[in-house]
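Inside the fold
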Amino acid sequence: MLDLPQKTLQTIRKYLLRQKSEVEKNLKEVVEDDPATTPALAESSEPGTDSWVADAHNRALVFRDQLKKRGDSIKKALGKIRKGTYGKCERCGQRIELSRLLAMPTAQYCLSCSKKFSK
Ligand SMILES: [Zn+2]
């Protein structure tokens, strides 16, 4: 089995939970800051502000997508901690290097698999 020290696992879990609430907070802010979701602003838009609203809206959508993806990988990692499969490479089943997990707690693959993947 994976022999990640309980203490390390708890540290990672806490970190992930913090990240999760951070992402959720950011997601909320992105939606609130999106001018397209502010009816007053959208209605009162004068000529020339349309493109600004559209621009800001597009940026908000891109940002929201990134945050959602990030949130998903955090939830996935937390689920694996619960199931006790955290730290296992999803490709080769080997243990992911601890230094890698500490640097990137949502890592799904070990270093060599992710290298093979990105090629
Ligand atoms: Zn692997």
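In case you missed it, the structure is sitting above this.
Residues numbered from 1 in each chain as written. Predicted model: local features only at pLDDT ≥ 70, side-chain atom pairs only at ≥ 80, totals over all residues. Heavy atoms only, no water.

So, the overall build of the protein chain
A count of helical and extended segments in the protein chain gives 5 helices and 0 strands. Seen in sequence order, the protein chain has helices and strands lined up from the N terminus as α-α-α-α-α. Counting only contacts in the protein chain whose residues sit at least 6 apart along the sequence, the fraction spanning at least 24 positions is 54%. When the accessible area of the protein chain is evaluated, it comes to approximately 8300 Å², of which 54% is carbon and sulfur surface. (Helix = DSSP H or I, 4+ residues; strand = E, 2+ residues; numbered from the N terminus. Contact = heavy atoms within 4.5 Å. Areas by Shrake-Rupley, 256 points an atom, 1.4 Å probe, with all protein chains shown as cover.)

Quick look at the coordination of the zinc ion
By definition of the ideal shapes, four donors in a tetrahedron about a metal sit 109.5 degrees apart, and six donors in an octahedron sit 90 or 180 degrees apart. Looking at the metal site, the zinc ion is ligated by Cys89 (SG), Cys92 (SG), Cys110 (SG) and Cys113 (SG), spaced 2.3 to 2.4 Å from it. Each donor residue of the zinc ion belongs to the same chain, with the gaps between them written as C-x2-C-x17-C-x2-C. Cys113 shares its class with Cys110; the two are buried. (Donors = N, O, S within 2.8 Å, 3.2 Å for Na, K, Ca; no water. Buried < 20%, exposed > 50% of the residue type's maximum accessible area, 1.4 Å probe, protein only.)

Here we look at the pattern of salt bridges
Applying the stated criterion across every chain yields a total of 3 salt bridges. Among the salt bridges present, the one from Lys20 reaches Glu24, with a minimum N-O distance of 3.9 Å. A residue pair is termed a helical-turn pair when its members lie 3 or 4 positions apart in one helix, as Lys20 and Glu24 do in helix H1 (residues 6-33) at 4 residues. Residue classification places Glu24 among the partly exposed positions, given a relative accessible area of 41%. Glu90 is paired through a salt bridge with Lys76; the nearest N and O atoms lie 3.7 Å apart. Remark: Lys76 occurs in helix H3 (residues 49-83) and Glu90 occurs in the loop between H3 and helix H4 (98-103); sequence separation between them is 14 residues. On the basis of relative accessibility, which here comes to 37%, the residue Glu90 falls in the partly exposed class. Because the salt bridges share partners, they merge into one network encompassing Lys76, Lys80 and Glu90. (Salt bridge = Lys/Arg side-chain N within 4 Å of Asp/Glu carboxyl O.)

Some remarks on the environment of Asp33
Within the secondary structure, Asp33 sits in helix H1. Residue class for Asp33 comes out exposed when judged on its relative accessible area of 63%. With 27 residues separating them in the primary sequence, Asp33 and Ala60 have C-alpha atoms 7.9 Å apart.

Examining the nonpolar core
Formed by 20 residues in total, the largest nonpolar core has its most connected members in Leu16, Ile81, Tyr86 and Leu101. Looking at this core, the elements that each hand over two or more residues are H1 and H3. Apart from the residues lying within four places of it in its own chain, the contact partners of Leu101 are Leu4, Tyr86, Gly87, Ile96 and Ala107. (Core = buried A, V, L, I, M, F, W, Y, C linked by side-chain atoms within 4.5 Å.)

Regarding empty space enclosed by the protein
Scanning the model with the defined rule gives 1 cavity of 30 Å³ or more in all. Looking at the largest cavity, its volume works out to about 40 Å³. Along the walls of the largest cavity sit Ser73, Lys76, Ala77, Lys80, Thr106, Ala107 and Gln108, which together make up its complete lining. (1 Å grid on protein atoms, 1.4 Å probe; cavity = no way out; pocket = protein on both sides within 12 Å on 5 of 7 lines; lining within 4 Å. Points joined across faces, edges and corners; volume = space filled by probe spheres on them.)

The analysis is restricted to geometry; functional conclusions fall outside its scope.
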